[in-house]
Amino acid sequence: GVKNRDRGEPTRTMLSRRDLDGVECVTLVDEKIKWTEGMNSNGIAIISSSLSAERTGVAKHPARNRVFIRTALEQPSVERAVNALKGKVTGCVMVFDKDEMWLVEGTDKGRRQEIHRITSDSVARTNHGIWIPEAGYQSDHPDHILAMRRVGSEARFLIAKHVLGT
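Cut-offs applied
- Residues numbered from 1 in each chain as written.
- Predicted model: local features only at pLDDT ≥ 70, side-chain atom pairs only at ≥ 80, totals over all residues.
- Heavy atoms only, no water.
- Helix = DSSP H or I, 4+ residues; strand = E, 2+ residues; numbered from the N terminus.
- Expected span 1.5 Å × (residues − 1).
- Buried < 20%, exposed > 50% of the residue type's maximum accessible area, 1.4 Å probe, protein only.
- Arc of directions from axis to C-beta.
- Pairing = 2+ DSSP bridges.
- Contact = heavy atoms within 4.5 Å.
- Core = buried A, V, L, I, M, F, W, Y, C linked by side-chain atoms within 4.5 Å.
- Polar contact = N/O pair within 3.5 Å; in protein donor to acceptor, adjacent residues only side chain to side chain.
- Salt bridge = Lys/Arg side-chain N within 4 Å of Asp/Glu carboxyl O.

Draft legend 1. Spotlight on helix α3 (residues 144–164). Over its 21 residues, α3 runs 30 Å from end to end, which matches the ideal 30 Å to within 8%, given 1.5 Å per residue. Three or more residues of α3 are buried, namely L146, A147, R150, S153 and F157. Around the axis of α3, the buried residues are gathered within 110° of arc, so they sit on the same side. Seen from the open side of α3, the exposed residues pointing more than 90 degrees away from its buried face are H144, M148, L158, I159, H162 and V163. Phi turns positive one or two residues past the end of α3, at G165, with a value near 75°.

Shown next, in the form of structure tokens:
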């Protein structure tokens, strides 16, 4: 898994390590907004991308997602990690190990979630919904800066797909 941060403002990240019932977890946390990603000693990794269209880039739900992602990382399998996120996490969350990958796309609006197993060799996501089109940046947003961020998000998505050959 690879992630590229596209925000202009600097971040302060903290790396933490903990051992819970024999499962070692390493998480990377953005100290300002509490965005969390990580991996565990069972080889499970979680990468997340916000689908919250905020001008400041600070989503309203990061602390809640942090708890759900940490809980998912405590699981012994990808399937159980995905189940720990069902109906809870928002944004675009990739859960994977060396053998399988699942993608969770969720939005606060109606708590809608789409969960799919990815069977292709590669997948790309940015800050707009693919399975839930109303999630993330919208090109018709009344704030022209947020509308332009949708254009940028779509361009990054197309570039990533081109690089991946998908």
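Draft legend 2. Examining the pairing of strand β6 (residues 101–106) more closely. Most of β6 is tucked away, with five of its six residues classed as buried. Two elements, strand β5 (residues 91–96) and β6, share six bridges in a ladder whose sense is antiparallel. Across the sheet, G91 pairs through a bridge with G106, a residue of β6. Where β5 folds back onto β6 in an antiparallel hairpin, the turn is made up of four residues. Where β6 lies against strand β7 (residues 113–118), six bridges are found, and the strand directions are antiparallel. Note that in β7 the partner of V104 across the bridge is I115.

Draft legend 3. Spotlight on the environment of Q75. Take Q75: it is sitting in the loop between α1 (62–73) and α2 (78–85). We classify Q75 as buried; its relative accessible area is 14%. The sequence separation of Q75 and I44 amounts to 31 residues, and the corresponding C-alpha distance is 8.5 Å. If sequence neighbours within four positions are ignored, Q75 has contacts with N40, N42, I44, R80, A81 and A84.

Draft legend 4. View of the nonpolar core. In this structure, I46, A72, L85, V89, V93 and V95 are the most contacted members of the largest nonpolar core, which totals 17 residues. Going through the elements one at a time, β2 (23–30), α1, α2 and β5 are the ones with two or more residues in this core. When residues of this core are assigned to their parent elements, the largest contribution, five residues, is made by α2. Apart from residues no more than four positions distant in its own chain, L85 is found in contact with F68, I69, A72, V93, V95 and Q113. Membership of the second largest hydrophobic core comes to nine residues, among which are A45, I47, I118 and V123.

Draft legend 5. Layout of the side chain of T27. The topology assignment puts T27 in strand β2. At 2.7 Å, the side chain of T27 and the side chain of S16 are in polar contact. Once residues lying within four places of it in the same chain are set aside, the contact partners of T27 are M14, L15, S16, R18, T36, E37, G38 and L73.

Draft legend 6. Expanded view of the pattern of salt bridges. A complete count under the given rule lists six salt bridges for this structure. In this structure, E24 and R17 form a salt bridge, with 2.3 Å as the shortest nitrogen-oxygen distance. What makes R17 exposed here is its relative accessible area of 62%. Residue R117 is joined to E100 by a salt bridge in which the shortest nitrogen-to-oxygen separation is 3.7 Å. Taken together, the residues R117 in strand β7 and E100 in the loop between β5 and β6 connect sequence positions 17 residues apart. Given the relative accessible area of 22%, E100 is considered partly exposed.

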